[in-house]
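Here is what each chain is made of, one letter per residue.
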Amino acid sequence: MARYQAGDFAAAKALIEQVSPRLLRFFLAQRAGRADADDLLQETWLRIHKVRHTYRPGESVMPWFFAIARHIRLDHYRRVLRTRARDERLGEMLQELPPVGGAHDSADVEALEALLAPLNPTQREVLEMLKIAGMSLEEVARATSSSVGSVKQKVHRAYQILRRTLNAPGLKKDPGRGLP
Amino acid sequence: MNDPEINELLAKAALDPPKVDPALLERVADSIAPSLKPVRPLPPKWVLTGGLVLICASVAGAGAARAGFGGVEALTPLERVLIFATLATLVLAASQKLVGEAIPGSPQRLTPSALVSVSCALLIGVFLLLFRDYRTEHFVSAGLVCLATGVLHAIPIGLLGWLLLRRAYAVNPVAAGLVGGILAGLGGVTMLELHCTNFQALHVLIWHTAVVPVSGLAGALAGWAVSRRRARAPR
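Every value quoted in this text rests on a predicted model; they were computed, and no experiment measured them. (Residues numbered from 1 in each chain as written. Chains lettered and ligands numbered in written order. Predicted model: local features only at pLDDT ≥ 70, side-chain atom pairs only at ≥ 80, totals over all residues.)

1. Overview of the overall build of chain B
Short version of the rule: What counts as a helix is a DSSP run of H or I of at least four residues, what counts as a strand is a run of E of at least two, and both are numbered from the N terminus. All radius of gyration figures rest on C-alpha atoms, and the globule criterion is 2.2 Å times the number of residues raised to 0.38. In this scheme the burial state of a residue depends on its C-beta neighbours within 10 Å: 20 or more other such atoms mean buried, 12 or fewer mean exposed, and anything in between means partly exposed; the C-beta positions come from the backbone. Throughout, a pair of residues is in contact if the C-beta atoms placed from their backbones lie within 7 Å.
When its secondary structure is counted, chain B shows nine helices and zero strands. When the helices and strands of chain B are read in sequence order from the N terminus, they spell out α-α-α-α-α-α-α-α-α. For a compact globule of 235 residues, the expected C-alpha radius of gyration is about 18 Å, and chain B comes in at 23 Å, more than 25% above that figure. Reported as C-alpha extents along the three principal axes, the dimensions of chain B are approximately 75 × 50 × 30 Å. Looking at chain B residue by residue over its 235 residues, the buried ones come to 40%. By sequence separation, contacts in chain B at least 24 residues apart represent 91% of the contacts at least 6 residues apart.

2. With respect to the overall build of chain A
When you go through chain A residue by residue, the secondary structure sums to nine helices and zero strands. Going from the N terminus to the C terminus, chain A shows its helices and strands as α-α-α-α-α-α-α-α-α. Put simply, chain A has 180 residues, and 42% of those count as buried. A separation of at least 24 residues holds for 66% of the contacts in chain A among residues at least 6 apart in sequence.

3. A short note on the confidence of the model for chain B
Residues and elements named next belong to chain B. This is how the line gets drawn: One number per residue, pLDDT, summarises how confident the predictor is, and it ranges from 0 to 100.
Within chain B, residue pLDDT values average 91, and 97% of them lie at 70 or more. Ranking the elements of chain B by mean pLDDT puts helix H1 (residues 3-13) last with 76 and helix H3 (residues 45-67) first with 96. Scored by ipTM, the complex comes to 0.80, with pTM at 0.82.

4. Examining the packing of H3(B) against helix H7 (residues 139-164) of chain B
All names here are of chain B. Here is the rule we go by: Angles shown run from 0 to 180 degrees and are taken between the N-to-C directions of axes, each axis being a line fitted to C-alpha atoms and, for helices, limited to the stretch in contact. Comment on the angle field: the value is read as roughly parallel under 35 degrees, roughly antiparallel over 145, roughly perpendicular from 65 to 115, and oblique elsewhere. Helix crossings fall into two classes, left-handed where the near helix is turned counterclockwise from the far one by less than a right angle and right-handed where it is turned clockwise.
The geometry of H3 relative to H7 is characterised by a closest axis approach of 10 Å and an angle of 155 degrees between their N-to-C directions. One finds that H3 runs roughly antiparallel with respect to H7. Handedness of the crossing formed by H3 with H7: right-handed. Across the interface between the two elements, Leu48, Gly51, Leu52, Ile55, Cys56, Val59, Ala60 and Gly63 from H3 touch His153, Pro156, Ile157, Leu160, Gly161 and Leu164 from H7.

5. Considering the interface of chain B and chain A
When the parts come together, some accessible area is lost, and that loss is often what is quoted as the size of the interface. What counts here: Residue polarity is assigned by list, with Asp, Glu, Lys and Arg as charged and Ala, Val, Leu, Ile, Met, Phe, Trp, Tyr, Cys and Pro as nonpolar; anything else, Gly included, falls into the polar class.
On the side of chain A, 60 residues touch chain B, which itself brings 46 residues to the contact. Elements with a contribution of two residues or more to the side of chain B that touches chain A: H1 and helix H2 (22-32) of chain B. Take the side of chain B that touches chain A: its biggest share by element is eight residues, from H1(B). For the side of chain B that touches chain A, the class distribution of residues is 28 nonpolar, six polar and twelve charged.

6. Regarding the packing of helix H3 (residues 34-50) of chain A against H2(B)
Where H3(A) contacts H2(B), the two axes come as close as 10 Å, and the packing angle between them is 25 degrees. Between H3(A) and H2(B), the interaxial angle falls into the category roughly parallel. With respect to the hand of their crossing, H3(A) and H2(B) are arranged in right-handed fashion. Here Asp38(A), Leu41(A), Gln42(A), Trp45(A), Leu46(A) and His49(A) of H3(A) lie close against H2(B), whose contacting residues are Leu24(B), Arg27(B), Val28(B), Ser31(B) and Ile32(B).

7. Structural notes on the nonpolar core
Generally speaking, soluble globular proteins have nonpolar side chains that are buried together. Residues and elements named next belong to chain B. Condition: We define a nonpolar core as a collection of buried residues of the types Ala, Val, Leu, Ile, Met, Phe, Trp, Tyr and Cys that are connected via C-beta atoms lying within 7 Å of each other. Domain start and stop positions are those given by an automatic or database domain assignment.
Counting residues in each nonpolar core, the largest one holds 95 residues, and the members touching the most others are Cys56, Ala94, Val179, Ile182, Leu183 and Leu186. It is helix H8 (residues 173-195) that contributes the most residues to this core, 13 residues altogether. Here this core gathers at least three residues from each of two domains, domain 1 (3-35) and domain 2 (45-232). With residues near it in sequence (within four places) discarded, cysteine 56 still touches Val91, Ile157, Leu183, Leu186, Gly187 and Thr190.

8. A word on the domain arrangement of chain B
Here chain B is partitioned into domain 1 (3-35) and domain 2 (45-232). Look at where the C-alpha atoms of domain 1 of chain B and domain 2 of chain B centre, and you get two points 44 Å apart.

9. Remarks on unusual backbone geometry
In this structure, Ser145(A) is a non-glycine residue whose phi angle is positive, near 55 degrees. Here Ser145(A) lies in the loop between helix H8 (137-143) and helix H9 (148-166). A tally of 23 C-beta atoms within 10 Å means that Ser145(A) is categorised as buried. A positive phi is found at His138(B), a non-glycine position, where the angle reads about 50 degrees. Note that His138(B) resides in the loop between helix H6 (112-130) and H7. Residue classification places His138(B) among the partly exposed residues on the basis of 13 C-beta atoms within 10 Å.

10. Regarding the environment of Leu119(A)
Residue and element names in this part refer to chain A. Along the chain, the position of leucine 119 falls in the loop between helix H6 (107-116) and helix H7 (121-132). With 40 residues separating them in the primary sequence, leucine 119 and tyrosine 159 have C-alpha atoms 9.2 Å apart. The contacts of leucine 119, once residues within four sequence positions are left out, are Arg124, Leu127, Ala158 and Ile161.

11. Thoughts on H3(B)
All names here are of chain B. The test is simple: Expected helix span is computed as 1.5 Å times (number of residues minus one).
With 23 residues, H3 extends 33 Å between its outermost C-alpha atoms, agreeing within 8% with the 33 Å of an ideal straight helix rising 1.5 Å per residue. Residues of H3 that are buried: Leu48, Thr49, Leu52, Ile55, Cys56, Val59, Ala60, Gly63 and Ala64. Positioned one or two residues after H3, glycine 68 has a phi angle of 115 degrees, which is positive.

12. Considering the confidence of the model for chain A
Residue and element names in this part refer to chain A. Summary statistics for chain A give a mean pLDDT of 78 and a share of 75% for residues scoring 70 or more. Within chain A, H8 carries the highest mean pLDDT (89), whereas helix H5 (residues 90-96) carries the lowest (61). Counting contacts from residues 100-104, a segment whose pLDDT is below 50, to residues more than four positions away or on other chains yields 15 contacts. Scored below 50 in pLDDT, residues 172-180 shows 21 contacts in the model against residues more than four places distant or in partner chains.

Printed below as a string of structure tokens:
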């Protein structure tokens, strides 16, 4: 990241290749369609490039990336919200939005989406960052502009919902629901 | 199903990240290449925080120097210590919070709404403790003058703060605006405590404290305007 800030194109390219899959999975896990997720990824990189000087060397880089990606996604849904239903709340919109664009190209992504489906957008977001992107509680708190306590609470509630859903009759024999 | 089993499912799902279209990666790299110049990272957070505290103190001090230090001169030493120590603590906390809001991925220990609540509660607590004169002479007219004076001093603090943080990037402009407004409002209250000689409890409690939420609201509105402009900007 420091080399990217210094104007090294090779470093920028390597960073784009390394971080993009994680950002793409973040967008896909938030129930964005593949085409939308690609757009969001591109928009995120343009924003990251514009504000790259705000990253301070020595600090954890993933919360910085995810904080920007998260707000690009929120801005995107606000735009959609304005054009589709001005009187609906954002949270409901995020939950109800059907995937737009092409089908997912990966069974893993679909399985992940199915697994996280019972959760609300904030729980899904926190669980995705913590358990799938592999960030620490402190990093997730930084990325989501919240406290560690709040992140712990969201994870706790998400696990309660997942336990309830996955223990429901009919799912017990196939808890993975299509996971590889 | 227990937590380790859920963890296992999540880990399984996370095993292979989705493939990103190489053409998309190429497109992203190509789009940033022409503007890829060395950039100077933001100064350390303590420098920015110190700058904001200095702006607050300077504007409040300059305002009181122009209007007179009658307020602070009429206070007892204990009252001075309690009031200005509380204001200094709140200004420091608001400055740190504003710097956090202006740099993506910064730790957040206090929400903006909690900051405004804590600021108002602490100020009200200190004022309640110190001022026992419950007369209400010229309550509205004197109060409006103090509110306007406080807010007028908050404006330059907000503008100078914005100038100091102009290279930063607030992912949530409304929250950043609210916190900036609270900080500016605290600067306005500091000026009033240095200058105002009206120690009627209700005057200080209501009109001086009101500078904080009023400035915070103005800051949030400014942040909302920035966020609207960003949303309308071509993608």
